[in-house]
Amino acid sequence: MSIPTLSRRIAIAPMMAWSDRHCRMFWRQLTRHSLLYTEMVTAQAVLYGGPERFFAHHPEEHPLALQLGGSDPAMLASAAAQGEAWGFDEINLNCGCPSDRVQSGRFGACLMAEPALVGDCVAAMCDAVSVPVTVKHRIGIDDLDSYALLRDFVGTVAERGCRTFIVHARKAWLQGLSPRENREVPPLDYPRVYRLKADFPELEIIINGGIDSLDTCQEHLAHVDGVMLGRAAYQDPYLLAGVDRMFFGATSPAPNRGDVLVGWLPYVEAQLAAGCRLSHLTRHILGLYQHCPGARQFRRHISEHAHRRGAGINVLTDALALVEPAALATV
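Bear in mind the structure is a predicted one, so any value in this text is a computation, not a measurement.

A. Quick look at helix α4 (residues 73–85). With 13 residues, α4 should reach 18 Å at 1.5 Å per residue; the first-to-last C-alpha distance of 18 Å fits that figure. Taken residue by residue, α4 has L76, A77, A79, A80 and G83 as its buried positions. A side-chain oxygen of the first residue of α4 lies 3.1 Å from the backbone nitrogen of A74; this N-cap is D72. Just downstream of α4, G87 is the residue with a positive phi angle, here 100°.

As structure tokens, then:
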């Protein structure tokens with residue numbers, strides 16, 4: 001498969017415990033052109049644990065960005081260079097994760113309080129790689145949430161070489177809210193992200209946070225350069241089936257749900273042959289028939305059978321037979 005030109009018009013967010021390589025290969029059955037992101041991996045883990053564990057991926061996952069966490073410029077530069085060597089199309093620095101574990105390591109959202117340090121990290125990464133270096137961040141943290149501080153953060157980091165900013169349009173509360181609550185409780189402020197684009201027209205500004213339909217994506221694109229989908233892409237993945245036609249000029253019809261699952265089966269078979277458990281793969285597809293008749297039976301069958309020892313491809317074909325038996329004619 002040829003690698004499409006890198007575009008951030010529509011991207012799918014890095015999501016810890018969700019956007020692993022199996023999930024990304026499933027998403028690729030729905031959209032060939034959206035930019036996908038890995039889960040965040042810390043620079044320290046890469047350097048001390050070895051890159052293969054974190055960087056291995058299938059060629060069909062491209063275009064694919066690597067998200068790194070960390071605050072040491074030299075370590076981030078080394079991890080970024082290894083990421084480029086493994087073929088990633090972009091290296092992204094996480095300045096948005098609010099978890100306690102991330103804060104204790106002095107990276108994630110707490111870095112928004114240290115724009116000069118983020119600038120040093122970006123500069124070191126840019127010097128180490130030829131692919132784009134980008135930053136994903138919030139609109140603020142705790143009481144550091146004025147537009148002036150956000151503008152200064154972006155301006156400072158841009159001066160050190162970053163041209164693309166992915167902005168989660170909520171601030172993060174580093175004390176008192178869990179990571180899950182930080183995805184839901186702080187109010188969204190899309191106009192603040194639009195204002196950022198107006199003030200930095202030369203930069204690429206991607207908006208993220210609470211976006212759950214392609215029509216809404218289209219509305220945001222009147223104000224910013226790209227849209228990043230998060231939980232909606234995971235919970236209702238068939239949403240992605242219309243992306244390539246709507247945003248990338250594809251002319252072929254969107255795949256139906258059965259075609260999506262059938263197209264993913266060769267990958268599943270290869271992973272099972274390599275020793276992967278079926279449940280590690282199927283947890284990502286439970287929302288495929290969201291809002292469809294038979295969706296509950298589809299989910300239940302997979303949930304009850306995929307975890308069993310020796311579970312094979314028949315679990316998926318049997319689940320598919322419950323909702324779309326005609327699709328099995330091509331298997």
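From this point on, the discussion continues.
B. Summary view of the environment of L288. Following the sequence through the fold, L288 ends up in the loop between α14 (278–282) and α15 (295–305). On a C-alpha basis, the gap between L288 and R257 in space is 6.9 Å, while along the polypeptide they are 31 residues apart. The residues contacting L288, other than those within four sequence positions of it, are F26, P237, Y238, R257, V260, L261 and F298.

C. Structural detail: unusual backbone geometry. A cis amide bond links H62 with the next residue in sequence, P63, at an omega value of 0°. Within the secondary structure, P63 is located in the loop between α3 (52–55) and β4 (64–69). The phi angle at A17 is positive, at roughly 70°, despite the residue not being glycine. Locating A17 in the fold gives a position in the loop between β1 (10–12) and α1 (21–27). Assessed through its relative accessible area of 42%, A17 is described here as partly exposed. With a phi close to 75°, H291 is a non-glycine residue in the positive phi region.

D. Examining helix α7 (residues 147–158) more closely. Compared with the 16 Å implied by 1.5 Å per residue over 12 residues, the 16 Å span of α7 between its first and last C-alpha is a close match. Where α7 is buried, its residues contact β5 (90–95), α6 (115–128), β6 (133–138), β7 (164–168) and α9 (190–199).

E. Layout of the state of the cysteines. Applying the stated rule across the entire model yields 0 disulfides. In this structure C121 is a free cysteine whose sulfur lies 7.6 Å from that of C95, the closest cysteine sulfur available. C121 sits in the buried class, given a relative accessible area of 0%.

F. Focus on the layout of surface pockets. As a volume, the largest pocket reaches approximately 780 Å³. Considering the residues around the largest pocket, the lining is formed by 31 residues, among which P14, M15, H168, R183 and R231 are closest to the centre. Taken together, the elements giving at least two residues each to the lining of the largest pocket come down to β6 and α11 (231–235). Among the residues making up the lining of the largest pocket, the classes are represented as 12 nonpolar, 11 polar and 8 charged. The computed volume of the second largest pocket comes to approximately 330 Å³. What lines the second largest pocket is a set of 18 residues, among which D20, R21, E39, R53 and F54 lie closest to the centre. For the lining of the second largest pocket, the elements supplying multiple residues, two or more each, are α1 and α3.

G. Structural detail: the nonpolar core. The biggest cluster of nonpolar side chains holds 106 residues, and the ones touching the most others in it are W27, L68, L93, F165, W264 and F298. With 7 residues, helix α13 (residues 257–273) is the single largest residue contributor to this core. Each residue touching F165, except ones within four places of it in the same chain, is listed here: V135, H137, V154, V157, A158, L203, E204, I205 and I206.

H. Seen up close, the pattern of salt bridges. Under the counting rule described, the total for this entry stands at 10 salt bridges. The closest approach of N and O atoms between E90 and R8, which form a salt bridge, is 2.7 Å. One end of the pair, E90, is in strand β5; the other, R8, is in the segment before β1, and 82 residues separate them in sequence. Here the two residues E90 and R8 agree in accessibility, since each one is buried. One network of salt bridges, in which partners are shared, links R8, E90 and E204.

Rules used in this analysis
- Residues numbered from 1 in each chain as written.
- Predicted model: local features only at pLDDT ≥ 70, side-chain atom pairs only at ≥ 80, totals over all residues.
- Heavy atoms only, no water.
- Helix = DSSP H or I, 4+ residues; strand = E, 2+ residues; numbered from the N terminus.
- Expected span 1.5 Å × (residues − 1).
- Buried < 20%, exposed > 50% of the residue type's maximum accessible area, 1.4 Å probe, protein only.
- Polar contact = N/O pair within 3.5 Å; in protein donor to acceptor, adjacent residues only side chain to side chain.
- Contact = heavy atoms within 4.5 Å.
- Disulfide = S-S within 2.5 Å.
- 1 Å grid on protein atoms, 1.4 Å probe; cavity = no way out; pocket = protein on both sides within 12 Å on 5 of 7 lines; lining within 4 Å.
- Points joined across faces, edges and corners; volume = space filled by probe spheres on them.
- Nonpolar A, V, L, I, M, F, W, Y, C, P; charged D, E, K, R; others polar.
- Core = buried A, V, L, I, M, F, W, Y, C linked by side-chain atoms within 4.5 Å.
- Salt bridge = Lys/Arg side-chain N within 4 Å of Asp/Glu carboxyl O.

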